[in-house]
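Working through the structure, step by step
Given next are the chains, with one letter for each unit.
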Amino acid sequence: QVQLVESGGGLVQPGGSLRLSCAASGTSISISAMGWYRQAPGKQREWVTTILSTRRETYAGSVKGRFTISIDNAKNTAYLQMSSLKPDDTAVYYCFADIRSRIWGQGTQVTVSS
């Protein structure tokens, strides 16, 4: 019943910023955690960030200090603010939510290139 709709990806130049959104839709939900993974071509899937229902945040070392995750409980939406983007950030970003089990967004392409 619950689905994650992910948006906000696109093409940006190095040093630029993007904000990803991950909206959970459904009649009623109780989310224990949300976050993002990413996968670049030829690379393994990489965990990026998680935010718990307590609003405790954790980040991969590769993005810490540049990315910020937040949640809007009223909208059942998580946001990933990405700043100082680098070409190595280029990947498909997949958001997730832990409800009864882990569910995933459809992915959104982030390309950092000049």
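Here goes a summary of the coordinates provided. Bear in mind the structure is a predicted one, so any value in this text is a computation, not a measurement. (Residues numbered from 1 in each chain as written. Predicted model: local features only at pLDDT ≥ 70, side-chain atom pairs only at ≥ 80, totals over all residues. Heavy atoms only, no water.)

In total, this model carries three aromatic pairs according to the counting rule given. Seen in terms of ring centroids, Phe96 and Trp104 are 5.8 Å apart; in terms of plane orientation they differ by 55°. Their pairing is tilted. A residue is classified by how much of its surface remains accessible, and Phe96, at 1% relative accessible area, is buried. An aromatic cluster is defined as three or more aromatic residues linked by ring pairs; in this entry it consists of Tyr37, Phe96 and Trp104. Over the ring of Phe96 we find Arg102, and its NZ or CZ is 3.8 Å from the ring centre. (Phe/Tyr/Trp six-rings, centres within 6.5 Å; stacked < 30°, edge-to-face > 60°. Buried < 20%, exposed > 50% of the residue type's maximum accessible area, 1.4 Å probe, protein only. Lys NZ or Arg CZ within 6 Å of the ring centre and 35° of its normal.)

Okay, the sheet that holds strand S1 (residues 3-7) next. Strands in a sheet are paired, the pairing made by backbone hydrogen bonds, and the direction either parallel or antiparallel. Read from one edge of the open sheet, four strands run S1-S3-S8-S7, paired in antiparallel fashion. Here the strands that pair on one side only, and so sit at the sheet edges, are S1 and strand S7 (67-72). Strand-to-strand twist in this sheet, taken as the mean axis angle between neighbours without regard to direction, amounts to 15°. Both S1 and strand S3 (residues 18-25) contribute to a ladder of five bridges, which runs antiparallel. Residue pairing in the sheet places Val5 in a bridge with Ala23 of S3. (Pairing = 2+ DSSP bridges. Helix = DSSP H or I, 4+ residues; strand = E, 2+ residues; numbered from the N terminus. Axes fitted to C-alpha atoms, helices over the stretch in contact; angles between N-to-C directions.)

Bringing the pattern of salt bridges into the picture now. Tallying each qualifying case throughout the model produces four salt bridges. Note that Arg38 and Glu46 form a salt bridge whose closest N and O atoms lie 2.7 Å from each other. Its salt-bridge partner being Arg38, residue Asp89 comes within 2.9 Å of it at the nearest N-O pair. Taken together, the residues Asp89 in the loop between strand S8 (77-82) and strand S9 (91-98) and Arg38 in strand S4 (residues 33-39) connect sequence positions 51 residues apart. As far as the burial class goes, Asp89 and Arg38 line up, both buried. Shared partners join several salt bridges into a network, and the residues in it are Arg38, Glu46, Arg66 and Asp89. (Salt bridge = Lys/Arg side-chain N within 4 Å of Asp/Glu carboxyl O.)

So, about the environment of Ser84. Looking at the element boundaries, Ser84 is found in the loop between S8 and S9. Linking Ser84 and Leu18, residues 66 residues apart in sequence, is a C-alpha distance of 9.4 Å. Once you skip the residues sitting within four places of it in the chain, Ser84 turns out to touch Gly15, Gly16, Ser17, Arg66 and Asp89. (Contact = heavy atoms within 4.5 Å.)

The next point concerns the nonpolar core. By size, the foremost hydrophobic cluster in this structure holds 28 residues, and its most contacted members are Leu4, Trp36, Phe67, Leu80, Met82 and Tyr93. With sequence-adjacent residues up to four places away left out, Leu80 is seen in contact with Leu18, Arg19, Leu20, Trp36, Thr49, Phe67, Thr68, Ile69 and Tyr93. (Core = buried A, V, L, I, M, F, W, Y, C linked by side-chain atoms within 4.5 Å.)

Turning next to the environment of Ala24. Looking at the element boundaries, Ala24 is found in strand S3. Along the chain, Ala24 and Leu4 lie 20 residues apart, while their C-alpha atoms are 4.6 Å from each other. Ignoring anything within four residues of it in the chain, the contact list for Ala24 reads Val2, Gln3, Leu4, Ile29, Ile31 and Asn76.

We now examine the state of the cysteines. Counted according to the given criterion, the structure contains one disulfide. With its sulfur 2.1 Å from that of its partner, Cys22 forms a disulfide with Cys95. Across the S-S bond of Cys22 and Cys95 the torsion is about 70°, and the bridge reads as right-handed. Residue Cys22 is located in strand S3, and its partner Cys95 is located in strand S9; the two are separated by 73 residues in the primary sequence. The exposure class of Cys22 is buried, given its relative accessible area of 0%. (Disulfide = S-S within 2.5 Å.)

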